[in-house]
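Each chain is listed here by its residues.
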Amino acid sequence: MAKNNKNKAPEAVSLITLVDKTSPISERYRTIRTNIQFASSTNHQIKTLVITSSGPGEGKSTTAANLAVVFANSGQRVLLVDADMRKPTVHKTFLLSNSVGLSNVLGTELNFNEAVQPSAVPNLYVMTSGPKAQNPSELLGSIRTDKLMQELRENYDFIIFDMPPVVAVTDAQIVASKVDGTMLVVRENVTRKDSLQKARELLTMVNANVLGAVFNGSTDENDQGYYYYGTGE
Ligand SMILES: Nc1ncnc2c1ncn2[C@@H]1O[C@H](COP(=O)(O)OP(=O)(O)OP(=O)(O)O)[C@@H](O)[C@H]1O
Ligand SMILES: [Mg+2]
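Predicted, not measured: the structure shown is a model, and the values here were computed from it. (Residues numbered from 1 in each chain as written. Chains lettered and ligands numbered in written order. Predicted model: local features only at pLDDT ≥ 70, side-chain atom pairs only at ≥ 80, totals over all residues. Heavy atoms only, no water.)

A. Examining the pairing of strand E6 (residues 181-187) more closely. Within E6, 7 of the 7 residues are buried, which leaves the element mostly enclosed by the surrounding structure. Going residue by residue along E6, you find Gly181, Met183, Val185 and Arg187 tucked away on one face and Thr182, Leu184 and Val186 tucked away on the opposite face as well. As paired strands, strand E1 (residues 48-53) and E6 are joined by 5 bridges and run parallel to one another. Of the residues in E6, the one forming a bridge with Ile51 is Met183. Here E6 runs beside strand E7 (residues 210-216); their pairing, made up of 6 bridges, is parallel. Looking at the pairing, Val186 lines up with Phe215 of E7. With respect to chirality, the unit in which E6 leads through helix H9 (residues 193-205) into the neighbouring parallel E7 is right-handed. (Buried < 20%, exposed > 50% of the residue type's maximum accessible area, 1.4 Å probe, protein only. Helix = DSSP H or I, 4+ residues; strand = E, 2+ residues; numbered from the N terminus. Pairing = 2+ DSSP bridges. Right-handed = clockwise from strand over helix to strand, strands pointing away.)

In structure tokens form, the structure reads like this:
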């Protein structure tokens, strides 16, 4: 199993949903897709989704990328945005250039269209993080993010934001407050219970709609890999 090494450059993640569509793990991603679709109603459509977790290396990017693939497989026009401008990996996973991306759209007058690349997966488009920005939190908190969010909603059926950990920096909180739903990734034997609690508190504080948790790396065959918090609705 890959270890989280702080000194190592972040790497591409495994696209199991492309490599082995029939594996139980791919089936789990499809189950998560179904659950998100069911959580979406006409009154509260879930069209924009944040994927985050309490700490580093818990599988946020793995979950975001594989979910994006299964949503695209269902025929929806999907955009995966690498909103982790601190440790971006989406360009590596999808073998794309990262010379233009989110940081350009938020930091300059660049039109969002010019920062979107088609991926090798039909219906799946990618906005990579773009060149390193000095101030990711300020960029994500700016009015330009609201404008971008609106433009993306008008141009795609489903938009997934791959974010940094919620406890470390405010980026995920900021974007979670602007999207329809947020999923927390929990990695077996890595995620600490108190950190997960803290992550939930931080998201609740900004009125994020926390849909539930994705269990990444569970060895339990019966575990569907998805759990609703039960918001009492
Ligand atoms: N269930 C798993 N089993 C084995 N390795 C995994 C699993 N999930 C993720 N990994 C590996 O662990 C590393 C971290 O995963 P990933 O990049 O998805 O996490 P992350 O939460 O996005 O990390 P970061 O906080 O750095 O953004 C990667 O090398 C990935 O391939
Ligand atoms: Mg990541």
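What follows continues from the structure just given.
B. Spotlight on the pattern of salt bridges. The tally for this structure, following the rule as stated, stands at 7 salt bridges. The residue Glu109 makes a salt bridge to Arg144 at a minimum N-O spacing of 3.6 Å. Taken together, the residues span a long stretch of sequence, with Glu109 in the loop between helix H5 (102-107) and strand E3 (117-118) and Arg144 in helix H7 (residues 143-155) at a distance of 35 residues. What makes Glu109 exposed here is its relative accessible area of 71%. Accessibility expressed as a relative area gives 21% for Arg144, which makes it partly exposed. (Salt bridge = Lys/Arg side-chain N within 4 Å of Asp/Glu carboxyl O.)

C. Highlighting the site of ligand 1. In the neighbourhood of ligand 1, 15 residues make up the surrounding shell, with Gly59, Lys60, Ser61, Thr62 and Asn216 lying closest. A distance of 2.8 Å separates an oxygen atom of ligand 1 from a polar atom in the backbone of Ser61. One of the side-chain nitrogen or oxygen atoms of Thr62 is found 2.5 Å away from an oxygen atom of ligand 1. Against a free-state accessible area of 630 Å², the protein chains account for coverage of 81% of ligand 1. Of all the elements, helix H3 (residues 60-73) adds the most residues to the shell around ligand 1, at 3 residues. A per-class count over the shell around ligand 1 returns 4 nonpolar, 6 polar and 5 charged. (Near = heavy atom within 4 Å. Polar contact = N/O pair within 3.5 Å; in protein donor to acceptor, adjacent residues only side chain to side chain. Areas by Shrake-Rupley, 256 points an atom, 1.4 Å probe, with all protein chains shown as cover. Nonpolar A, V, L, I, M, F, W, Y, C, P; charged D, E, K, R; others polar.)

D. Highlighting the environment of Tyr29. Mapped onto the elements, Tyr29 comes out in helix H2 (residues 24-39). Looking at Tyr29, the relative accessible area reads 6%, which means it is buried. For Tyr29 and Ile174, which are 145 residues apart along the polypeptide, the C-alpha to C-alpha distance reads 26 Å.

E. Spatial organisation of the packing of aromatic side chains. With the rule as written, the count across this model stands at 2 aromatic pairs. Arranged with centres 3.9 Å apart and planes meeting at 10°, the rings of Phe71 and Phe158 form a pair that is stacked. Of this pair, Phe71 sits in helix H3 while Phe158 sits in strand E5 (residues 158-162); the two residues are 87 residues apart in sequence, bridging distant segments of the chain. Like Phe158, Phe71 is buried. For the pair Tyr125 and Tyr156, a centre-to-centre distance of 5.9 Å together with 55° between the ring planes defines the contact as tilted. You can see Tyr125 sitting in strand E4 (residues 124-127) and its partner Tyr156 sitting in the loop between H7 and E5, a full 31 residues away along the chain. Looking at Tyr125, the relative accessible area reads 24%, which means it is partly exposed. By relative accessible area, Tyr156 is classed as buried at 4%. Across from the ring centre of Tyr125, 4.8 Å away, lies the NZ or CZ of Arg77, which sits over that ring. (Phe/Tyr/Trp six-rings, centres within 6.5 Å; stacked < 30°, edge-to-face > 60°. Lys NZ or Arg CZ within 6 Å of the ring centre and 35° of its normal.)

F. Region of the structure containing unusual backbone geometry. Positive phi, normally seen in glycine, also occurs at Leu95, with a value near 55°. Along the chain, the position of Leu95 falls in the loop between helix H4 (90-93) and H5. Residue class for Leu95 comes out exposed when judged on its relative accessible area of 76%. With a phi angle near 75°, Asn123 is a residue other than glycine that sits in the positive phi range. As for its position among the elements, Asn123 is in the loop between E3 and E4.

Bear in mind that shape data such as this cannot, by itself, settle questions of function.
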